[in-house]
Amino acid sequence: MGRGVEMTSGGKCVRFLMFAVNFLIWVSSIVILVLGIWTVVDRPYLERLLGNEMYMTAAYILIATGCIIFFISFLGCFGALKEVKCMLLTYFIIVLLLFIILLIGGILGYVFKDKAKTSITHTMMGTMRDYGTEGNDQITKAWDETQQAMKCCAIEEQEEWLKYSKVFSTTGDRIPQSCCQKDSSGNLQNCQRAPNESNSYTEGCLEKSVEFVEQHAVIIGGVAIAVALIMVLGLILSLVLFKLIN
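Rules of the game
Residues numbered from 1 in each chain as written. Predicted model: local features only at pLDDT ≥ 70, side-chain atom pairs only at ≥ 80, totals over all residues. Heavy atoms only, no water. Helix = DSSP H or I, 4+ residues; strand = E, 2+ residues; numbered from the N terminus. Buried < 20%, exposed > 50% of the residue type's maximum accessible area, 1.4 Å probe, protein only. Contact = heavy atoms within 4.5 Å. Phe/Tyr/Trp six-rings, centres within 6.5 Å; stacked < 30°, edge-to-face > 60°. Core = buried A, V, L, I, M, F, W, Y, C linked by side-chain atoms within 4.5 Å. pLDDT = per-residue confidence, 0-100. Salt bridge = Lys/Arg side-chain N within 4 Å of Asp/Glu carboxyl O.

Colleague: An account of the overall build of the protein chain is requested, with residue identities and associated values reported.
Modeller: The helix and strand inventory of the protein chain stands at eight helices and zero strands. Taken from the N to the C terminus, the helices and strands of the protein chain come in the order α-α-α-α-α-α-α-α. Across the 246 residues in the protein chain, those meeting the buried criterion constitute 46%. Long-range pairs, those at least 24 residues apart, make up 73% of the contacts in the protein chain with a sequence separation of at least 6.

Structure (structure tokens):
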């Protein structure tokens, strides 16, 4: 039969647990959605300097999965309350697929964490060569926004702009203006030809970028795996409840 009329006290307990777990999954879906959007929106200029799409892919997986889980958790709650077997079966299949996708998203976050420094270093070297050149406005913007937001300059030291850049080897400037600190009025100083500790940022962007990405990757991976484990409870309870319904 598709629905049950009466259940034992044990069955009612399972039904209550099923509802409670799905409510927790529903709350988790909101957390996942917010986390995914935050990852994509927060400092988007870094994406061009990461050198790997795994980090952003994990974020997009979280957003898509969070939206689906938000709605599918209602199906689990309704199926448990109304004791509808076809809903519980549909819920089990969809949640199983989401569990696999979410687990992959979490693993991607941790995998990129381990590869972040090598990937970012390689990409930063390549993009520095194209900084300020024709047709590479997005790269130039990414570097400028990164250096100003993170208060850093080049990869590890300022001299790298002269070493890697095609532009600064001919203009007489040693660094971009985005490496310069702001004056008391909030305007960027003109330090391109004579940068020092008082008028420019001397720390490299590599360590700060890697630290930022690793922190996000740990959060993404941790939340994704935690929610995936909660979903396992939902899968188990949906199977048990499916068997108990007459």
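Colleague: Go over the packing of aromatic side chains with me, naming the residues and quoting the values.
Modeller: Considering all chains together, one arrives at five aromatic pairs under this definition. For the ring pair Trp143 and Trp161, a centre distance of 5.1 Å and an interplane angle of 70° mean the geometry is edge-to-face. With Trp143 in helix 5 (residues 137–150) and Trp161 in helix 6 (residues 160–164), the pair connects residues that are 18 residues apart, well separated along the chain. Considered together, Trp143 and Trp161 belong to a single accessibility category, that of buried residues. Taken together, Phe23, Trp26, Phe70 and Phe71 form an aromatic cluster joined through their ring pairs.

Colleague: Break down the nonpolar core for me, citing the residues and quoting the values.
Modeller: Judged by nonpolar contacts, the single largest core of 26 residues is most densely connected at Met18, Ile25, Leu62, Ile69, Leu102, Met231 and Leu241. Looking at this core, the elements with two or more residues in it are helix 1 (9–41), helix 3 (54–82), helix 4 (85–130) and helix 8 (205–244). Among the elements that line this core, the one with the most residues is helix 8, at nine residues. Ile69 has contacts with Ile25, Ser29, Ile32, Leu98, Leu102 and Met231, leaving out every residue within four places of it along the chain. Membership of the second largest hydrophobic core comes to 25 residues, among which are Met124, Ile139, Cys179 and Phe212.

Colleague: How would you explain the confidence of the model for the protein chain if you had to name every residue and give the values?
Modeller: On average, residues of the protein chain carry a pLDDT of 80, and 84% of them reach 70 or more. Scored below 50 in pLDDT, residues 1–6 shows 15 contacts in the model against residues more than four places distant or in partner chains.

Colleague: If you had to explain the pattern of salt bridges to someone new, which residues and values would you point to?
Modeller: Across all of its chains, the model carries three salt bridges by this definition. A salt bridge links Arg174 to Glu159; the shortest N-O distance between them is 3.7 Å. Highlighted residues: Arg174 in the loop between helix 7 (168–171) and helix 8 and Glu159 in the loop between helix 5 and helix 6, separated in sequence by 15 residues. Between Arg193 and Asp173 there is a salt bridge whose closest N-O contact spans 3.1 Å. With Arg193 in the loop between helix 7 and helix 8 and Asp173 in the loop between helix 7 and helix 8, this pair connects stretches of sequence that are 20 residues apart.

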